[in-house]
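Tertiary structure, described
Listed here are the chains, written in short residue letters.
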Amino acid sequence: MWGGRFAEGPAAVMREINASIPFDKRLWRQDIAGSRAHVAMLADRGIVSADDAALIADGLARVAAEYEADGVPEDMALEDIHMHVEHRLAELIGPVAGRLHTARSRNDQVATDFRLWVRDAIDAVDEGLAGLQRALVTRAGEHAESVMPGFTHLQSAQPVTLGHHLMAYFEMVHRDRSRFEDARARMNECPLGSAALAGTGFPIDREATAEALGFDRPTDNSLDAVSDRDFALDYLMAAATTAIHLSRLAEEFVLWASQPFGFVKLPDAYSTGSSIMPQKRNPDAAELVRGHAGRIVGAMTALTITMKGLPLAYSKDMQDDKPPVFEAHDLLALSIAAMTGMVETVTFRTDRMRAAAEAGFATATDLADWLVREANIPFREAHHITGAVVRQAEADGVALDALPLATLQAIDSRIDERVFGVLGVDASVAARTSHGGTAPDQVRRRIAEAKAAIGMEDEA
């Protein structure tokens, strides 16, 4: 490729550091799709003959069939997937293959290929996240009334329902999908035809190639088009946030599966044992999801740092844009699949959850609210009274609703027998009827809305 300019070939180390084929071979489908669209446009515009275009298109189909069957061979001298395709095309159809590169550069070619790949990756992630949402909604529907402790600072705070807790993750995934959707819409412009950096003097039709490849429009600035990697950063940032959400759910499963919690039993399919301790059931799948989040965030950071100081237009640093995106995508796909499987098959031990909710003075806020509502006491004073009640219950080793009325009235005479109607965990969750609250009716309403939003309205 460089023979006309350089008298000597590259050093061995230069050949190795310069080659990207070990990783960018993943772009072969997108590269061939872009080449097909490009040569069809060249023929339509009379830039290459119809016969040459037909020969090139047939040759590209043959290259694609070979790669599909046998994979992409790696020749470091050919550097990247673009030259591999072009070289094999020339072997198959002869010198006319050289016409394919008319009015384009590897700069706009890789920018187009990479956008196409990221677009496909977003579609795959969205499909996986939709499956996770279906699993969360299904399990939440089973447990709209199952009481568990809600935590702040990992301390028992107020009773909630397990359905409400699971639906919190549904909302996170909903936002994750919206971020990927936004990224896809923003990136759906076609760089092809920008050439190296300045456009081309050939009378090409960029609208035609954009339409053929499913883009909304061609990019508006050739310098920006070949040097932009915002679409990859958008993908990685959305992936990092999604991975953090998956990691939070994974962490809860790790905690809940431990003996002190005992809230869940993870299935055998997502657990491992110990090489020395036969009693162990380790939540390794959840732990690996938690670990993958760090690597995905690291991938996002890596590309951010790579891009931060690059002048316009293309620089070779940008060859390193693909490994972090590929790694993050693979890890994210695994994490989504693992968490979906765990949500679908985990056994929730609702008896242990209820016992923990009842044991942690989680209805203290309900007592304070009752004092405000029924005794017309300012909340700060009610908060103080309730603190004294909790201290007494802790000293006596009983739950709040097990304290005798006389003990309660000794703390504050305005408390009467009606208070016992709010001190149980069921009464507590039933009372949280505000929009977005944990009351079972509110949870069921939100589940119905969520099912409709993701196309589950006809499912039981």
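That block above? That's the structure.
Residues numbered from 1 in each chain as written. Predicted model: local features only at pLDDT ≥ 70, side-chain atom pairs only at ≥ 80, totals over all residues. Heavy atoms only, no water.

Topic: the overall build of the protein
Across its full length, the protein carries 18 helices and six strands. Relative to the compact-globule value of 23 Å for 460 residues, the protein shows a C-alpha radius of gyration of 30 Å, a clear excess of over 25%. Taking the principal axes of the C-alpha coordinates as reference, the protein spans close to 100 × 50 × 45 Å. Here the protein, with 460 residues, has 49% of them falling under the buried criterion. The contacts in the protein between residues at least 6 apart in sequence include a share of 75% that link residues at least 24 apart. Summed over all atoms, the accessible surface of the protein reaches about 21,600 Å², with 52% contributed by carbon and sulfur. (Helix = DSSP H or I, 4+ residues; strand = E, 2+ residues; numbered from the N terminus. Rg over C-alpha atoms; globule rule 2.2 N^0.38 Å. Buried < 20%, exposed > 50% of the residue type's maximum accessible area, 1.4 Å probe, protein only. Contact = heavy atoms within 4.5 Å. Areas by Shrake-Rupley, 256 points an atom, 1.4 Å probe, with all protein chains shown as cover.)

Focus on helix α11 (residues 284-307)
End to end, α11 covers 35 Å across 24 residues, agreeing with the expected 34 Å (1.5 Å per residue, within 8%). Taken together, the buried residues of α11 touch α9 (222-227), α10 (230-257) and α12 (322-345). (Expected span 1.5 Å × (residues − 1).)

Focus: the side chain of R106
Counting through the fold element by element, R106 comes out in helix α6 (residues 106-142). For R106, a relative accessible area of 18% translates into the label buried. A distance of 3.1 Å separates a polar atom in the side chain of R106 from a polar atom in the side chain of E79. (Polar contact = N/O pair within 3.5 Å; in protein donor to acceptor, adjacent residues only side chain to side chain.)

Topic: empty space enclosed by the protein
Applying the stated criterion to the full structure yields one cavity of 30 Å³ or more. Of the voids in this model, the largest cavity is the one considered here, and its volume is about 50 Å³. The wall of the largest cavity is formed by L132, L136, Y169, M172, V173, H245, L246 and L249. Looking at the lining of the largest cavity, the elements that each hand over two or more residues are α6, α7 (162-187) and α10. Considered class by class, the residues forming the lining of the largest cavity number seven nonpolar, one polar and no charged. (1 Å grid on protein atoms, 1.4 Å probe; cavity = no way out; pocket = protein on both sides within 12 Å on 5 of 7 lines; lining within 4 Å. Points joined across faces, edges and corners; volume = space filled by probe spheres on them. Nonpolar A, V, L, I, M, F, W, Y, C, P; charged D, E, K, R; others polar.)

Topic: the nonpolar core
Core analysis: the largest hydrophobic core is formed by 98 residues, its most contacted members being Y235, F253 and W256. With 15 residues, the top contributor of residues to this core is α10. For Y235, the contacting residues outside a window of four places in its chain are V118, A121, I122, V125, F180, V325, H329 and L332. Residues I385, I415, V419 and V422 belong to the second largest nonpolar core, which totals 20 residues. (Core = buried A, V, L, I, M, F, W, Y, C linked by side-chain atoms within 4.5 Å.)

Some thoughts on the layout of surface pockets
In this model, the second largest pocket occupies a volume close to 320 Å³. As for the second largest pocket, its lining consists of 16 residues, and the residues nearest its centre are A257, S258, Q259, V264 and R281. Elements with a minimum of two residues in the lining of the second largest pocket: α10 and β5 (264-265). Here the residues of the lining of the second largest pocket sort into five nonpolar, six polar and five charged.

A look at unusual backbone geometry
One can expect most non-glycine residues to show negative phi and most peptide bonds to be in trans. Each neighbour pair has its own omega, and for L312 with A313 the value is 5°, a cis peptide bond. Of note, A313 is situated in the loop between α11 and α12. Although it is not a glycine, H153 sits at a positive phi angle of roughly 55°. Position of H153 among the secondary structure elements: in the loop between β1 (147-152) and β2 (155-161). In this structure, L154 takes a positive phi of about 60° despite not being glycine.

Some remarks on the pattern of salt bridges
Counted under the stated rule, the structure contains 33 salt bridges. A salt bridge links R88 to E91; its shortest N-O distance comes to 2.9 Å. Within this pair, R88 and its partner E91 are both found in helix α5 (residues 81-93), separated by three residues, close to a single helical turn. Given the relative accessible area of 25%, R88 is considered partly exposed. In this structure E91 comes out as partly exposed when scored by relative accessible area, which is 49%. The shortest N-O distance in the salt bridge between K322 and D321 comes to 2.7 Å. (Salt bridge = Lys/Arg side-chain N within 4 Å of Asp/Glu carboxyl O.)

A look at the packing of aromatic side chains
In this structure the tally under the stated criterion is nine aromatic pairs. With centroids separated by 6.3 Å and ring planes inclined at 80°, the aromatic side chains of F114 and F326 adopt a geometry described as edge-to-face. Of this pair, F114 sits in helix α6 while F326 sits in helix α12, and the two are 212 residues apart along the sequence. Judged by relative accessible area, which is 0%, F114 ranks as buried. Accessibility expressed as a relative area gives 4% for F326, which makes it buried. Here the aromatic cluster, defined as three or more aromatic residues joined through ring pairs, consists of F151, F253, W256, F261 and F263. Over the face of the ring belonging to F326 we find R26, whose NZ or CZ atom lies 4.7 Å from the ring centre. Taking the ring centre of F215 as reference, the NZ or CZ of R119 above it sits at 4.8 Å. (Phe/Tyr/Trp six-rings, centres within 6.5 Å; stacked < 30°, edge-to-face > 60°. Lys NZ or Arg CZ within 6 Å of the ring centre and 35° of its normal.)

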